[in-house]
Amino acid sequence: MKLTRRNMIAISSGAAVVASFGAMPAFASLADDAIAEITGGAEMGEGALTITAPEIAENGNTVPISFDAPGAVMVALFADGNPTPKVASFKFGKLSPSHSASTRIRLAGTQNVVAVAQMEDGSFQKTQANIKVTIGGCGG
Amino acid sequence: MAKGVKPRVKVPKTASAGETITIKTLISHKMESGQRKDSDGNAIPRSIINRFTADFNGENVIDVTLEPAVSTNPYFQFDSVVPESGDFKFTWYDDDGSVYEETKSIKVG
């Protein structure tokens, strides 16, 4: 095949499409892997766990997040668009009445924050919140 | 030991027996994520607080594992039941091996 200008454009745009498709699920699977590490691939229910987070975060360096997970022994937070998706995990002792906590986290960009809770009976609950980030918090 | 690390904790001074109180903790720490680069393009090594625990009279209330995605000056707010008078003990574990501690007494009256 002769390398004409038209061919070059066709090839390069094809490559760009492949590259963009290749990059997107890579992030998602990182978070999924991290979640599977905790749950062991178990089915996750929904409902008992709630996250409170802003819809739009001006500054990705400090995004306030709080969660409420009655009946949970452990809650782990993940950010699926961060270079390392794990954020923090909370274990609750006997003296913790509400199994809720608030903290501030870093987000690299607009993404989902996922919370996974391990309940007292060993089952897992999951919920997520989408947060739009104006300025990412990963330095550079 | 990282410089300028100062824990700050807010616990009510008194409570009634069995009451649920809210505790706020903050520790000044730069939480260097290991993702950033300096002006020469070299990665700045990770230096974070990787664990935080709160105990009341030896009984665990909360045990948090922190990753680099937790913001500078890690802040936590959580609840605890106060069954009797005693001490809350808060402990932060640094990547470099330092341990920062803070104790607050509460009276049940």
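Analysis parameters
- Residues numbered from 1 in each chain as written.
- Chains lettered and ligands numbered in written order.
- Predicted model: local features only at pLDDT ≥ 70, side-chain atom pairs only at ≥ 80, totals over all residues.
- Heavy atoms only, no water.
- Helix = DSSP H or I, 4+ residues; strand = E, 2+ residues; numbered from the N terminus.
- Buried < 20%, exposed > 50% of the residue type's maximum accessible area, 1.4 Å probe, protein only.
- Contact = heavy atoms within 4.5 Å.
- Areas by Shrake-Rupley, 256 points an atom, 1.4 Å probe, with all protein chains shown as cover.
- Lys, Arg positive; Asp, Glu negative; His and termini not counted.
- Charge placed at Lys NZ, Arg CZ, Asp CG, Glu CD.
- pLDDT = per-residue confidence, 0-100.
- Buried area = accessible area lost by both parts, 1.4 Å probe.
- Polar contact = N/O pair within 3.5 Å; in protein donor to acceptor, adjacent residues only side chain to side chain.
- Nonpolar A, V, L, I, M, F, W, Y, C, P; charged D, E, K, R; others polar.
- Pairing = 2+ DSSP bridges.

J.: What's the story with the overall build of chain B in this structure? I'm lost.
T.: Across its full length, chain B carries zero helices and eight strands. Reading the helices (α) and strands (β) of chain B from amino to carboxyl end gives β-β-β-β-β-β-β-β. Counting the 109 residues in chain B, one finds 45% classified as buried. The contacts in chain B between residues at least 6 apart in sequence include a share of 57% that link residues at least 24 apart. On chain B, roughly 5400 Å² of surface is accessible, and the fraction owed to carbon and sulfur atoms is 45%. Separation of charge centres in chain B, based on 14 positive and 16 negative side chains, amounts to 7 Å.

J.: Would you explain the confidence of the model for chain B in this entry?
T.: Note that predicted coordinates carrying low pLDDT should not be read in detail. Residues and elements named next belong to chain B. Counting all residues, the mean pLDDT for chain B is 90, and 98% of those residues have values of 70 or more. Mean pLDDT values over the elements of chain B span from 91, in strand β2 (residues 14-15), up to 94, in strand β7 (residues 86-94). In the predicted assembly, ipTM is 0.86 and pTM is 0.79.

J.: What am I meant to see in the confidence of the model for chain A here?
T.: On average, residues of chain A carry a pLDDT of 81, and 78% of them reach 70 or more. Throughout residues 18-26 of chain A the model reports pLDDT below 50, and contacts reaching past four residues in sequence, or to other chains, amount to zero contacts.

J.: Would you take a moment to explain the interface of chain A and chain B for this structure?
T.: By convention, interface size is frequently given as the accessible area that disappears when the constituent parts associate. Of the residues lining the interface, 29 residues belong to chain A; the matching set on chain B comes to 31 residues. When chain A packs against chain B, close to 2400 Å² is buried across both sides, 51% of that on carbon and sulfur atoms. Here chain A and chain B share 15 residue pairs in polar contact (both at pLDDT 80 or more) between them. Counting residues per element, the ones that place at least two in the side of chain A that touches chain B are β6 (86-92) and β7 (100-105) of chain A. Here the side of chain A that touches chain B gets seven residues from one element, more than from any other, and that element is β6 of chain A. Here the residues of the side of chain A that touches chain B are counted per class, giving 11 nonpolar, 13 polar and five charged. Pairing of β6 of chain A with strand β5 (residues 59-66) of chain B, which is carried by five bridges, proceeds in the antiparallel orientation. Pairing of Lys91 of chain A across the sheet is with Asp63 of chain B, part of β5 of chain B.

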